[in-house]
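For reference, the chains in residue letters:
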Amino acid sequence: MRAAPSVLGFVLAAAAVLAEPVTVLVVDFVDSAGKSMEGHPVLLLELNRTYAVGAGNRFTAEFSVGTNLTFRAETTLGHHETQGPTVTVPAGGLTGEHDMYVLQVPTRSVYDLFWEVTPGEKSKEKCIFVVTVCDGNKTVYDAQQGLPGSAVQLSPPDFSELFYFGVIPGTNDTDPLPNGRTTTSYDGGVIVENVPVDAAGEYVVTASHPQYTFTQSRLRCLKPGSFVNAAPNQGPRATPKSKEKCIFVVTVCDGNKTVYDAQQGLPGSAVQLSPPDFSELFYFGVIPGTNDKDPLPNGRTTTSYDGGVIVENVPVDAAGEYVVTASHPQYTFTQSRLRCLKPGSFVNAAPNQGPRATPVRPTGIAAKPNWQSRI
């Protein structure tokens with residue numbers, strides 16, 4: 001049956017609307033910000049189409065929504081062939097700083113070094129996958145991209161070794177030497193070795209963390225010896241903070257401290273929110289040699305001397321309230337009542353309204369009763 005011209009025109013117009021831009025950023029594995037990759041050839045495997053990297057180490061092309069894309073930076077005199085993950089073009093495309101397709105390409109010498117010093121016997125008949133488990137708001141240009149404490153899984157789990165990169169002390173540089181880690185460092189990098197070739201299928205990389213959810217990455221091992229790198233933005237990414245919910249900040253205060261004290265917190269205290277509806281609970285550290293709050297990821301599970309805790313993505317509840325409690329083997333605490341009344345609210349239970357430890361009782365003096373904290 002032949003379609004009427006008006007119907008055919010509508011279909012063609014709809015198809016045109018569904019074409020979305022995809023930006024591909026190609027950067028050097030070590031010098032992502034400084035080294036020019038302009039002119040580097042990149043092959044789109046699904047269409048067997050080659051693009052040349054343009055100014056700003058990138059190029060942009062349009063593809064229909066729902067199209068699968070797998071890009072590969074081709075071998076040059078200086079750089080090793082590097083395949084990226086497989087992505088599906090979403091509505092709106094992939095163009096933003098946190099969304100564009102990133103190919104992070106090692107030089108031949110850097111690849112050879114990683115081949116030699118990372119653990120495990122590697123087979124040139126299989127593939128090597130490298131994945132960066134990325135913190136929610138980080139990009140390939142950040143010095144520390146990873147979300148520490150994340151565990152990685154490959155499905156199907158067919159590989160010989162899964163190794164978590166460390167960070168060279170005193171730097172932000174990847175440490176490829178054996179380290180005994182079982183979760184990610186601030187680097188976020190993971191290498192999965194000797195993945196079998198599967199020209200028709202794909203592997204899925206997921207990550208897990210007690211306080212985060214993640215996107216997934218789809219990787220393909222299409223030919224023996226392939227190096228496949230799911231750099232930010234295509235490695236598993238932690239769920240970003242939501243502006244539709246609230247952020248609570250609470251200071252767990254030592255019994256005799258006030259907001260004027262340099263170190264207000266009672267270290268070693270664990271915090272609970274009831275009801276426990278949030279995406280992340282993070283304990284602030286202290287910048288070494290100072291009394292200043294350190295907001296960088298640190299892997300803490302209890303308070304530092306700062307005492308500060310941030311609770312993220314708490315749902316709005318205009319009629320109810322949340323209760324913050326703290327626990328410590330040697331102290332009892334007051335409670336704090338916090339409310340999330342509108343999207344994007346910042347609620348801060350500073351001393352004196354954060355949970356406060358019962359002061360140490362001098363010998364022969366009756367213990368003071370707990371205070372009731374209200375916000």
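Residues numbered from 1 in each chain as written. Predicted model: local features only at pLDDT ≥ 70, side-chain atom pairs only at ≥ 80, totals over all residues. Heavy atoms only, no water.

**Observations concerning the overall build of the protein**
Across its full length, the protein holds two helices and 25 strands. Buried residues in the protein amount to 45% of all 375 residues. Across the protein, every contact between residues at least 6 apart in sequence was considered, and the portion connecting residues at least 24 apart equals 68%. On the protein, roughly 18300 Å² of surface is accessible, and the fraction owed to carbon and sulfur atoms is 55%. Within the protein, the 35 negative side-chain charges are centred at a point lying 7 Å from the centre of the 28 positive side-chain charges. (Helix = DSSP H or I, 4+ residues; strand = E, 2+ residues; numbered from the N terminus. Buried < 20%, exposed > 50% of the residue type's maximum accessible area, 1.4 Å probe, protein only. Contact = heavy atoms within 4.5 Å. Areas by Shrake-Rupley, 256 points an atom, 1.4 Å probe, with all protein chains shown as cover. Lys, Arg positive; Asp, Glu negative; His and termini not counted. Charge placed at Lys NZ, Arg CZ, Asp CG, Glu CD.)

**Quick look at the state of the cysteines**
Here the structure, examined in full by the defined rule, presents two disulfides. Across the disulfide, Cys127 is cross-linked to Cys221 (sulfur-sulfur distance 2.0 Å). On the sign convention where negative is left-handed, the bridge of Cys127 and Cys221, at about 85 degrees about the S-S bond, is right-handed. Residue Cys127 is found in strand S8 (residues 127–132), and its partner Cys221 is found in the loop between strand S15 (217–219) and strand S16 (227–230); the two are separated by 94 residues along the sequence. Overall, Cys221 belongs to the buried group, its relative accessible area being 0%. Through a disulfide, Cys246 is tied to Cys340; the S-S separation comes to 1.9 Å. (Disulfide = S-S within 2.5 Å.)

**Remarks on the environment of Val252**
With respect to the element layout, Val252 can be found in the loop between strand S17 (246–251) and strand S18 (270–274). C-alpha of Val252 to C-alpha of Val324: the two residues are 72 residues apart in sequence and 9.8 Å apart in space.

**Quick notes on the sheet that holds strand S24 (residues 336–338)**
Judged by pairing direction, the sheet is antiparallel, and its three strands sit side by side in the order S18-S23-S24 without closing on themselves. Of all the strands in the sheet, the pair left with one neighbour each is S18 and S24. For this sheet, the mean inter-axis angle between neighbouring strands, taken without regard to orientation, is 25 degrees. Inspection of the sheet shows S18 paired to strand S23 (residues 322–327) by five bridges, in the antiparallel sense. Opposite Ser274, over in S23, you have Val323 as the bridge partner. (Pairing = 2+ DSSP bridges. Axes fitted to C-alpha atoms, helices over the stretch in contact; angles between N-to-C directions.)

**Let's talk about the sheet that holds strand S7 (residues 101–105)**
An order of S4-S1-S7 is seen for the three strands of this open sheet, with the pairing classed as mixed. Each edge of the open sheet is held by one strand with a lone partner, namely strand S4 (58–64) and S7. Each adjacent strand pair in this sheet contributes to an overall mean axis angle of 25 degrees, direction not counted. Sheet topology places strand S1 (residues 19–28) next to S4; seven bridges connect them, and they run antiparallel.

**Side note on the confidence of the model for the protein**
Per-residue confidence for the protein gives a mean pLDDT of 88, with 90% of residues at or over 70. The low-confidence segment residues 1–5 (pLDDT under 50) makes zero contacts with residues lying over four places distant or belonging to another chain. In the predicted structure, residues 362–375 sits below a pLDDT of 50 and forms 26 contacts with residues beyond four places in sequence or in another chain. (pLDDT = per-residue confidence, 0-100.)

**Some remarks on the pattern of salt bridges**
In the structure shown here, the tally under the stated rule is seven salt bridges. Salt-bridge contacts for Lys223 lead to Glu81; the nearest nitrogen and oxygen are separated by 3.1 Å. With a gap of 142 residues between them, Lys223 in the loop between S15 and S16 and Glu81 in the loop between strand S5 (68–73) and strand S6 (82–88) connect regions that are remote in the sequence. Glu81 sits in the buried class, given a relative accessible area of 17%. (Salt bridge = Lys/Arg side-chain N within 4 Å of Asp/Glu carboxyl O.)

**Regarding the packing of aromatic side chains**
Tallying each qualifying case throughout the model produces 14 aromatic pairs. Between Phe163 and Phe165, the aromatic rings sit 5.5 Å apart at their centres with planes inclined by 80 degrees, giving edge-to-face as the arrangement. With 5.5 Å between their ring centres and 80 degrees between their planes, Phe282 and Phe284 make a pair best called edge-to-face. Given a relative accessible area of 12%, Phe282 falls into the buried group. One aromatic cluster is present, formed by Tyr51, Phe59, Phe63, Phe71 and Tyr101 through successive ring pairs. Over the aromatic face of Phe284 sits the side chain of Lys293, whose NZ or CZ is 4.5 Å from the ring centroid. (Phe/Tyr/Trp six-rings, centres within 6.5 Å; stacked < 30°, edge-to-face > 60°. Lys NZ or Arg CZ within 6 Å of the ring centre and 35° of its normal.)

**Examining the side chain of His40**
Positionally, His40 belongs in the loop between S1 and strand S2 (41–44). For His40, the side chain forms a polar contact with the main-chain oxygen of Glu74, separated by 2.9 Å. (Polar contact = N/O pair within 3.5 Å; in protein donor to acceptor, adjacent residues only side chain to side chain.)

**What about empty space enclosed by the protein?**
Tallied over the full model, the rule gives one cavity of 30 Å³ or more. As a volume, the largest cavity reaches approximately 90 Å³. Tyr111, Phe114, Val130, Ile191 and Phe227 are, among the 13 residues lining the largest cavity, the residues nearest its centre. For the lining of the largest cavity, the elements supplying multiple residues, two or more each, are helix H2 (108–117) and S8. A per-class count over the lining of the largest cavity returns 11 nonpolar, one polar and one charged. (1 Å grid on protein atoms, 1.4 Å probe; cavity = no way out; pocket = protein on both sides within 12 Å on 5 of 7 lines; lining within 4 Å. Points joined across faces, edges and corners; volume = space filled by probe spheres on them. Nonpolar A, V, L, I, M, F, W, Y, C, P; charged D, E, K, R; others polar.)

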